[in-house]
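Descriptive analysis of the structure
Given next are the chains, with one letter for each unit.
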Amino acid sequence: MMPYLYFNPVGMGFILIAAILSLVAQMFVKSNYSKYSKVKTMGSMTGADVARRILELNNITDVEVVQSKGGVLSDHYDPTKKIVALSPDVYKNNSIASVSVAAHEVGHAIQHAEAYAFIGIRNKLLPLAITGNSISMIAIMIGIFAQDTTIFYVGIGALLLMAAFQLVTLPVEFNASARALKILDQQAILTQNELPGARKMLSAAALTYVAALVATLMSVLRYIAVFNSRKD
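The structure contained in this document is the topic of the report that follows.

1. Structural notes on the pattern of salt bridges
Throughout the structure, instances matching the rule amount to two salt bridges. Note that Glu114 is salt-bridged to Arg179, the shortest N-O span being 3.0 Å. Within this pair, whereas Glu114 is found in the loop between helix H5 (96-113) and helix H6 (117-146), its partner Arg179 is found in helix H7 (residues 149-186), the two being separated by 65 residues in sequence. In this structure Arg179 comes out as buried when scored by relative accessible area, which is 18%.

Here it is as structure tokens:
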């Protein structure tokens, strides 16, 4: 039974699409980060400097910028601790990549400060997505092997909760990048010649979130294909 689950031709087609898109997205973001992390800006501001400057410009005084212990592209904003955690390279360097990533993460801090609508929706979906992720595979596997339609679609529904969370995450990420680019431009933190590099860098990063959503949807289609084929 298990080999059939993984080698169903239609199901494997969906998995192949998801795998290719995820691989392309990862390669794209790593390639752009590698390229623009080597291009120094005309200004002397590091990622940490830029993050603190943008927080100050937006009168956000309760968020701290810290250097994390994570590796490349581990940068994030933690609303529970009120910190913008930047990886060592982003924190210390004044490359286009460092400045862009730092500005993007502060964009999330601004969203929280302004109660950006999609942040609230995402926060409400988060516990449902976590629960859905934990039970989806169990229900789907039981449904497939027992040929129980109800249990199977409970699992599919749980997996779709994760997809819903990923879908709402997209405008959050795109908006943070848009805020970052606008501030980098208006405050002349980056020159007009440097902004296209920042835009490419942030667009590449956003593609990974799109790929994650597509991968989840492809998984849904894969399991439905497997379930239907076993009924025939």
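After presenting the structure, the write-up continues.
2. What to know about the layout of surface pockets
If you add up the space inside the largest pocket, you get close to 510 Å³. Considering the residues around the largest pocket, the lining is formed by 24 residues, among which Asp75, His104, Glu105, Glu173 and Tyr209 are closest to the centre. Counting residues per element, the ones that place at least two in the lining of the largest pocket are helix H2 (9-36), strand E2 (76-78), H5, H6, H7 and helix H8 (195-231). Top contributing element to the lining of the largest pocket by residue count: H8, with six residues. The residue makeup of the lining of the largest pocket, split by class, is eleven nonpolar, nine polar and four charged.

3. Some thoughts on helix H3 (residues 47-57)
Residues Gly47, Ala48, Val50, Ala51, Ile54 and Leu55 constitute the buried set of H3. Angularly, the buried residues of H3 cover 165° about the axis, an arc narrow enough to put them on a single face. Those residues of H3 hidden inside the fold are in contact with strand E1 (64-67), strand E3 (83-86), helix H4 (88-92), H5 and H7. One or two residues past the end of H3 sits Asn59, with phi positive at roughly 55°.

4. Some points on the nonpolar core
Soluble globular proteins tend to pack their nonpolar side chains together in the buried interior. Judged by nonpolar contacts, the single largest core of 34 residues is most densely connected at Val65, Leu86 and Leu184. Contributing elements (two or more residues each) for this core: H2, H3, E3, H4, H5, H7 and H8. Looking at which element gives the most residues to this core, the answer is H5, with nine residues. Once residues lying within four places of it in the same chain are set aside, the contact partners of Val65 are Ala48, Ala51, Arg52, Leu55, Val84, Leu86 and Tyr91. In this structure, Met141, Ile144, Leu159 and Val220 belong to the second largest nonpolar core, which totals ten residues.

5. Regarding the packing of H5 against H7
Their axes nearest at 8 Å, the elements H5 and H7 cross at an angle of 115°. In this structure, H5 crosses over H7, and the sense of that crossing is right-handed. Side by side, H5 and H7 meet where Val99, Ser100, Ala103, His104, Gly107, His108, Ile110 and Gln111 of the first sit next to Val172, Glu173, Asn175, Ala176, Ser177, Arg179, Ala180, Ile183 and Leu184 of the second.

6. Concerning the packing of H6 against H7
Running from amino to carboxyl end, H6 crosses H7 at an angle of 150°, the nearest separation of the two axes being 6 Å. Taken together, the axes of H6 and H7 are roughly antiparallel relative to one another. In terms of crossing hand, the pair formed by H6 and H7 is left-handed. Looking at the contact of H6 with H7 residue by residue, the classes come out as 24 nonpolar, six polar and two charged.

Cut-off values and rules
Residues numbered from 1 in each chain as written. Predicted model: local features only at pLDDT ≥ 70, side-chain atom pairs only at ≥ 80, totals over all residues. Heavy atoms only, no water. Salt bridge = Lys/Arg side-chain N within 4 Å of Asp/Glu carboxyl O. Helix = DSSP H or I, 4+ residues; strand = E, 2+ residues; numbered from the N terminus. Buried < 20%, exposed > 50% of the residue type's maximum accessible area, 1.4 Å probe, protein only. 1 Å grid on protein atoms, 1.4 Å probe; cavity = no way out; pocket = protein on both sides within 12 Å on 5 of 7 lines; lining within 4 Å. Points joined across faces, edges and corners; volume = space filled by probe spheres on them. Nonpolar A, V, L, I, M, F, W, Y, C, P; charged D, E, K, R; others polar. Arc of directions from axis to C-beta. Contact = heavy atoms within 4.5 Å. Core = buried A, V, L, I, M, F, W, Y, C linked by side-chain atoms within 4.5 Å. Axes fitted to C-alpha atoms, helices over the stretch in contact; angles between N-to-C directions. Left-handed = near helix turned anticlockwise from the far one by under 90°. Parallel < 35°, antiparallel > 145°, perpendicular 65-115°, else oblique.

Honestly, that's just the spatial picture; any functional story needs more than this.
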